[in-house]
Amino acid sequence: MKFVLTLYLCSSVFSKCLIIPGYPKQIDTYVDCVKAGLKDAQSHLFAEGGLTEKEIELNKFYVSYTCTQPRTKMT
């Protein structure tokens, strides 16, 4: 069964989350989705050339993710 991984960049200061570019993406299993979510969350938050530690601290940025089953059309 396929799952959809969506990563969000969130700010505690602004109480808002935005979908990170390149997501959502399809993953084969739930376990693989969770693993990818954890790995991708860390790499996006601390990517070289991305957000600085000062920006993360000032805006209280964090990454959230979901693993959901794709919706199927009902006939």
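See the structure printed just above.
About the cut-offs
- Numbers given for residues are sequential positions, taken from 1 along each chain in its written order.
- It should be noted that, the model being predicted, local features are given only for residues of pLDDT at least 70 and side-chain atom pairs only at 80 or more, the latter also being counted only at that level, while totals for whole chains, interfaces and linings use all residues.
- Computation of side-chain values covers all heavy atoms of the structure but excludes hydrogens and water.
- Disulfides are defined as pairs of cysteine sulfur atoms found within 2.5 Å of each other.
- Partly exposed describes any residue whose relative accessible area lies between the buried limit of under 20% and the exposed limit of over 50%, with all areas from a 1.4 Å probe on protein chains only and scaled to the type maximum.
- Secondary structure is summarised from DSSP: a helix means a run of H or I of at least four residues, a strand means a run of E of at least two, and numbering begins at the N terminus for each.
- One side-chain nitrogen of Lys or Arg within 4 Å of one carboxyl oxygen of Asp or Glu is enough to make a salt bridge.

Colleague: I would appreciate a short explanation of the state of the cysteines in the present structure.
Modeller: By definition, a disulfide links the sulfur atoms of two cysteine residues through a covalent bond. Counted according to the given criterion, the structure contains 2 disulfides. Two residues, C10 and C17, share a disulfide whose sulfurs are 2.1 Å apart. Handedness of the C10-C17 disulfide follows from its S-S torsion of about 110°: it is right-handed. Relative accessible area serves as the criterion here: at 1%, C10 is assigned to the buried category. Here C33 connects covalently by a disulfide to C67, the sulfurs 2.2 Å from one another. Disulfide C33-C67: torsion about the S-S bond near -100°, hence left-handed. One end of the pair, C33, is in helix 1 (residues 30-45); the other, C67, is in strand 4 (residues 61-68), with 34 residues separating them in the sequence. Take C33: its relative accessible area is 0%, and that puts it in the buried class.

Colleague: I would appreciate a short explanation of the pattern of salt bridges in the present structure.
Modeller: Side chains that differ in charge, positive against negative, can pair when their charged atoms come close. A complete count under the given rule lists 3 salt bridges for this structure. Two residues, K2 and D28, come together in a salt bridge whose shortest N-O distance is 2.4 Å. Within this pair, whereas K2 is found in the segment before strand 1 (3-11), its partner D28 is found in the loop between strand 3 (25-27) and helix 1, the two being separated by 26 residues in sequence. Judged by relative accessible area, K2 falls into the partly exposed class, the value being 36%.

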